[in-house]
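# Inside the fold
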Amino acid sequence: MSGESPLDRLQLLWQQQERQPIELSIDEIASRAASLQRIVRRRNFREYAAAAFVVAFFGAYAAFAADTVLVRIACAAIIAGTLHVVNHLRRHGASESADLSASTADHLAFYRRQLERQRDLLAGIWRWYLGPLVPGFVLIVVSKPIEQHGTFRVWIAAAVALSIGALAFLAVAKLNRKAARKLQHEID
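Anyway, here's the lowdown on the structure attached to this text. Counting of residues starts from 1 at the beginning of each chain's written sequence and follows it residue by residue. Reporting of local features is limited, given that this is a predicted model, to residues whose pLDDT is at least 70; pairs of side-chain atoms are given and counted only at 80 or more, and all residues count toward the totals for whole chains, interfaces and linings. Side-chain measures here rest on the full set of heavy atoms in the structure, leaving out hydrogens and waters.

## Observations concerning the packing of aromatic side chains
Cut-off, in case you're wondering: When two rings of Phe, Tyr or Trp (its six-membered ring) have centres within 6.5 Å they constitute a pair, described as stacked for plane angles under 30 degrees, edge-to-face for angles over 60, and tilted for the intermediate range. Throughout this description, buried means an accessible area under 20% of the type-specific maximum (1.4 Å probe, protein chains only), exposed means over 50%, and partly exposed covers the range between.
Taken as a whole and assessed by the stated rule, the structure comprises six aromatic pairs. An angle of 85° between the planes, with centres 5.0 Å apart, marks the rings of Phe57 and Phe58 as edge-to-face. Judged by relative accessible area, Phe57 falls into the partly exposed class, the value being 41%. Here the aromatic residues Phe53, Phe57, Phe58 and Tyr61 are joined through ring pairs into a cluster of three or more.

This is the structure in C-alpha cells:
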C-alpha cells in the first residue's frame, strides 16, 4: 500500500489529465471585453454618484447641522474616506479600451489583464474601500454618547448601530469576494 487515499489518487488523476484549450474567436473575446467594460463603467458611475451624495450630505451636515466638534471631525473623516475611495477607484478600477486593430492574442491578453485588474480591486475591498470608511462611521456613531456623557441606554443604541454597520460592511465584503471569485473563474 502506498498510503494514498482514493481521494488523493482521484485528485492526482484529475490534475494530470490533458487540458483542452478553450477556443474563442476574436469577436467573442471583444464581446466579453466590451461587456466587462460596460459593467465596470456602470459600477464606477454609481460609486461616483454615491460619493458625490455622501460628500455633499456630510459636508452640509458638518457646516450647518453638526452641534459638536466631534461630529464635525466624524463628517470630515467620512468625506476623507469617500474621497480616498473615489481616487482609488479612478486609478485602479477605471475601464480601459481595447485596441480594435489588435490580434486575437493581444485581445485575449488585454481581456485577461482587465479581468485580473477588476479581480484584484474587488479582492482588496477592505484595504481601499471599507477600511477608509470605518473611522468616520465609528466616530459618527459614538460621538453623541461621548460628548453627552451618554447613559447606558445611549451606549447600547450606539453598540447596536455599530453592529448593524459592521454586518453591512461584512455583507459588502462578502459580495465583493464572490464577484472576485467569479472573475477568477473567468480568468481560469
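Continuing now.
## Looking at the pattern of salt bridges
Spelled out, the test is: Throughout this description, the term salt bridge denotes a Lys or Arg side-chain nitrogen within 4 Å of a carboxyl oxygen of Asp or Glu.
The final tally for this structure, using the stated rule, is five salt bridges. Here Asp120 makes a salt bridge to Arg119, at a shortest N to O gap of 2.9 Å. Looking at Asp120, the relative accessible area reads 42%, which means it is partly exposed.

## So, the environment of Phe169
This is how it is decided: Only runs of H or I of at least four residues qualify as helices and only runs of E of at least two qualify as strands under DSSP, and these elements are numbered from the N terminus. For this analysis, residues touch if any pair of their heavy atoms sits within 4.5 Å.
Among the structural elements, Phe169 can be located in helix H6 (residues 152-187). The buried category is assigned to Phe169, whose relative accessible area is 16%. Distance from Phe169 to Val134, taken between C-alpha atoms, is 8.9 Å for residues 35 residues apart in sequence. Look past the residues within four positions of Phe169 in its chain and what remains in contact with it is Trp126, Leu130, Leu133 and Val134.

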